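Structure at a glance
Here is how the chains run, residue by residue.
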Amino acid sequence: MRNVSDSTYSVEPRDDLILCDVTCTVTLPRATRGREIIVNKTFAGGSVTVAPQGSDTILSGASVLIAVQWTSLHFKAIDGNWIII
């Protein structure tokens, strides 16, 4: 588990749960088949942007925005693409 309180954060190899306490951008690692990461927005205002790395995508898009407090998105890597499960 990682608590994020900076404006940007790049997910590290051992991270599996990211708790965002501020408006920030979380960059996922390269989409390696089977990797799973959960990102949760724990604060009321602002938003959390989740972005893939390099040429990877999230559901074939460039990023995902989390705007509602206590919302979690569960990402799973499938060969260069992240899906939300």
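The rules behind each value
- Residues numbered from 1 in each chain as written.
- Predicted model: local features only at pLDDT ≥ 70, side-chain atom pairs only at ≥ 80, totals over all residues.
- Heavy atoms only, no water.
- Buried < 20%, exposed > 50% of the residue type's maximum accessible area, 1.4 Å probe, protein only.
- Helix = DSSP H or I, 4+ residues; strand = E, 2+ residues; numbered from the N terminus.
- Pairing = 2+ DSSP bridges.
- Phe/Tyr/Trp six-rings, centres within 6.5 Å; stacked < 30°, edge-to-face > 60°.
- Lys NZ or Arg CZ within 6 Å of the ring centre and 35° of its normal.
- Core = buried A, V, L, I, M, F, W, Y, C linked by side-chain atoms within 4.5 Å.
- Contact = heavy atoms within 4.5 Å.

Of the two faces of strand 9 (residues 72-78), the one holding L73, F75 and A77 is buried and the one holding S72, H74, K76 and I78 is not buried anywhere. Where strand 5 (residues 36-41) and strand 9 come together, five bridges link them in antiparallel fashion. Bridging from a neighbouring strand, N40 pairs with S72 of strand 9. Connecting strand 9 to the antiparallel partner strand 10 (residues 81-84) that follows it, the hairpin turn spans two residues, and D79 within it adopts a positive phi of roughly 40 degrees.

What follows is about the packing of aromatic side chains. Overall, the coordinates contain zero aromatic pairs when judged by the stated rule. Positioned above the aromatic ring of F43 is the side chain of K41, whose terminal nitrogen or guanidinium carbon lies 4.3 Å from the ring centre.

Counting residues in hydrophobic clusters, the biggest one holds 21 residues, and the most contacted among them are I18, V39 and V48. Secondary-structure elements contributing two or more residues to this core are strand 3 (17-20), strand 4 (24-27), strand 5, strand 6 (48-51), strand 8 (64-66) and strand 9. For this core, the leading source of residues is strand 9, giving three residues. Leave out the neighbours within four places in its chain, and V48 touches C20, V22, C24, V26, V39, K41, F43, V64, L65 and I66.

Don't take any of this as a statement about function, it's just geometry.
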